[in-house]
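Topology and contacts: notes
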Amino acid sequence: MEPEAPAGQAPAAASKLSEAVGAALQDPRRQRRLVLVIVCVALFLDNMLYMVIVPIVPYYVHSASEKPTLTSKVCVTTLPPPTPANASADTVNTSESSTAAMPARSTAQPQYPTDNEDVKIGVLFASKAILQLLVNPLSGTFIDRMSYDLPLLMGLGVLFASTVMFAFAEDYATLFAARSLQGLGSAFADTSGIAMIADKYPEEPERSRALGLALAFISFGSLVAPPFGGFLHKFVGKTAPFLVLAMVSLLDALLLLVVVKPFSAAARARANLPVGTPIHRLMLDPYIAVVAGALTTCNIPLAFLEPTIATWMEHTMAASEWDAGIAWLPAFVPHVLGVYLTVRLAARYPHLQWLYGAFGLAVIGASSCLVPACRSFAPLVVSLCGLCFGIALVDTALLPTLAFLVDVRHVSVYGSVYAIADISYCVAYALGPIVAGHIVHSLGFEQLSLVMGLANLLYAPVLLLLRNVGRLKRSRSERDVLLDEPPQGLYDAVRLRERPLSDREGAPRSPSGPFDACEDDYDYYTRS
């Protein structure tokens, strides 16, 4: 009798497990933690796919150049693509060195890319950011109207299709289509994911902590992608890294379906809730414009240095491929340290977010100006670490500030405002692979670094215009007032504006700020 008991208890145990999982999914706190995991995996996946093709591109270029004619030149040396903050672009060269033993090297002499090949490679690397830049205004509006879960699912689906296309690409045209398709998926997945985090975590310091964790996943994905892709490509096959990433995207999409249920009746009801402020009106908000300018300015040095610094190291300090490859690797540690430090400071002094961002811009500017002065490997690594540390300060301080500005000045719907943030990033990374090389050939690497450093140093005082943002008070949501329950996210946190000051007629108004002179024009455009 006793041996039969475990068999009889198996269905009951499975039922209890199912009930426990269902109860865990219904708990708001556990659900938003699972949502955070889903979003972090999606961001990690996007940046893995962004960088994993770097060590594999020489193989595709060689294959494509051999197909038309047997006497065509073999192009193996390429410009590295732009990567997100803290990503190791020169890690690319480490992975590229692993491709040096490919059979193609034994059949032809390696040659530097021609001008035409340089342009093709630069356009390939920039195509993702260019398409993402074009789609973001539309995706932000779509996310505001459809909530965050369905666009995130769509983005994961497009990333899955892009990854599979990469796996079986055989020519440049297919690579270009796959890279551009990734930009389309990123416009939905990245924007809706960050917006979902801001909505699920409406209060500080939890919001800054969650967004900081997302930035850490972005950094980690960009760092491990080149060695991951190079290793699997060399020892397993060219399709292996892409098929692994495709499986990860599929599993993440399935988890999203289980946890959030984007096709449920509750999801359809969310689509009927009031929509957020249109993206063109958010762009007219002077505070949001200042933040967007800071995000673009702080990422320009990284986007422009990555495609050019390897050649400069070779000419200046006779650096080998190994030296150029590991130059960016230590930068991951200060980037994570910058995220952690900003989150801790924001928890204690939330009204000083603008100061953390300004300090980060100053660090970026100083580091960028010091790069041309480095004549050995160690000082260069220190400068690059300072660059990534400053970018972490700016991103971690200003991304939550965008959500806060929407909370106190607009409707608490975050799709469009984070589409603006994504546009700010894409401007830098769309120009970097195409423009940086031409600037270096025309003006020189030293002049490029100095101009970018001075731009960051000059923009740092502009963040003083955000110093009064901390005086704006966040009010309780309608759900808090009526039901005395905490906001659950996904449009439950549509807040009432609470303004502590009054005008001459007794009507409430916002605290005075540096943009009071242009508020009348802003109100005119938002009413029209």
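Residues numbered from 1 in each chain as written. Predicted model: local features only at pLDDT ≥ 70, side-chain atom pairs only at ≥ 80, totals over all residues. Heavy atoms only, no water.

- The name an unreviewed UniProt entry assigns to the protein chain is Solute carrier family 18 member 3, from the organism Eschrichtius robustus.
- The Sequence similarities (unreviewed entry) comment attached to the protein chain in UniProt states, word for word, "Belongs to the major facilitator superfamily. Vesicular transporter family."
- Of the protein chain, the UniProt comment under Subcellular location (unreviewed entry) reads exactly: "Cytoplasmic vesicle, Secretory vesicle, Synaptic vesicle membrane". (UniProt positions renumbered as here; feature names shortened; annotations may be inferred.)

1. Some remarks on the overall build of the protein chain
- Along the backbone of the protein chain there are 22 helices and two strands.
- Taking all 528 residues of the protein chain together, 54% fall into the buried category.
- Contacts in the protein chain between residues far apart in sequence, at least 24 positions, make up 83% of those at least 6 positions apart.
- For the protein chain, the exposed area adds up to about 22500 Å²; of that, 66% sits on carbon and sulfur atoms. (Helix = DSSP H or I, 4+ residues; strand = E, 2+ residues; numbered from the N terminus. Buried < 20%, exposed > 50% of the residue type's maximum accessible area, 1.4 Å probe, protein only. Contact = heavy atoms within 4.5 Å. Areas by Shrake-Rupley, 256 points an atom, 1.4 Å probe, with all protein chains shown as cover.)

2. Points about the confidence of the model for the protein chain
- With 69% of its residues at a pLDDT of 70 or more, the protein chain has an overall mean of 77.
- Element-level pLDDT for the protein chain is lowest in helix α5 (residues 103–107), with a mean of 38, against a maximum mean of 96 in helix α17 (residues 353–370).
- Here residues 68–115 scores under 50 on pLDDT; set against residues more than four positions off or in separate chains, the count is 128 contacts.
- Counting interchain partners and residues more than four positions distant, the pLDDT-below-50 stretch residues 475–511 has 77 contacts. (pLDDT = per-residue confidence, 0-100.)

3. Side note on the side chain of serine 416
- Structurally, serine 416 is set in helix α19 (residues 415–442).
- Here aspartate 144 takes part through its side chain, which lies 2.5 Å from a polar atom of the side chain of serine 416.
- Apart from residues lying up to four places away in sequence, serine 416 is in contact with Gly140, Thr141, Asp144, Thr277, Ile279 and Leu282. (Polar contact = N/O pair within 3.5 Å; in protein donor to acceptor, adjacent residues only side chain to side chain.)

4. Here we look at the pattern of salt bridges
- Taken as a whole and assessed by the stated rule, the structure comprises five salt bridges.
- Lysine 128 is paired through a salt bridge with aspartate 46; the nearest N and O atoms lie 3.6 Å apart. Of this pair, lysine 128 sits in helix α6 (residues 115–146) while aspartate 46 is found in helix α2 (residues 28–52), placing the two residues 82 residues apart along the sequence. Here lysine 128 matches aspartate 46 in class, with each residue buried.
- Among the salt bridges present, the one from arginine 207 reaches aspartate 407, with a minimum N-O distance of 3.0 Å. Here arginine 207, found in helix α9 (residues 206–235), pairs with aspartate 407, found in helix α18 (residues 377–409); they are 200 residues apart in sequence, far enough to count as distant. Aspartate 407 carries the same exposure label as arginine 207, and that label is buried. (Salt bridge = Lys/Arg side-chain N within 4 Å of Asp/Glu carboxyl O.)

5. Brief notes about the state of the cysteines
- Inspection of the entire model under this criterion finds zero disulfides.
- With no disulfide of its own, cysteine 385 lies 7.1 Å from the sulfur of cysteine 388, the closest cysteine sulfur.
- Take cysteine 385: its relative accessible area is 16%, and that puts it in the buried class.
- What makes cysteine 388 buried here is its relative accessible area of 0%. (Disulfide = S-S within 2.5 Å.)

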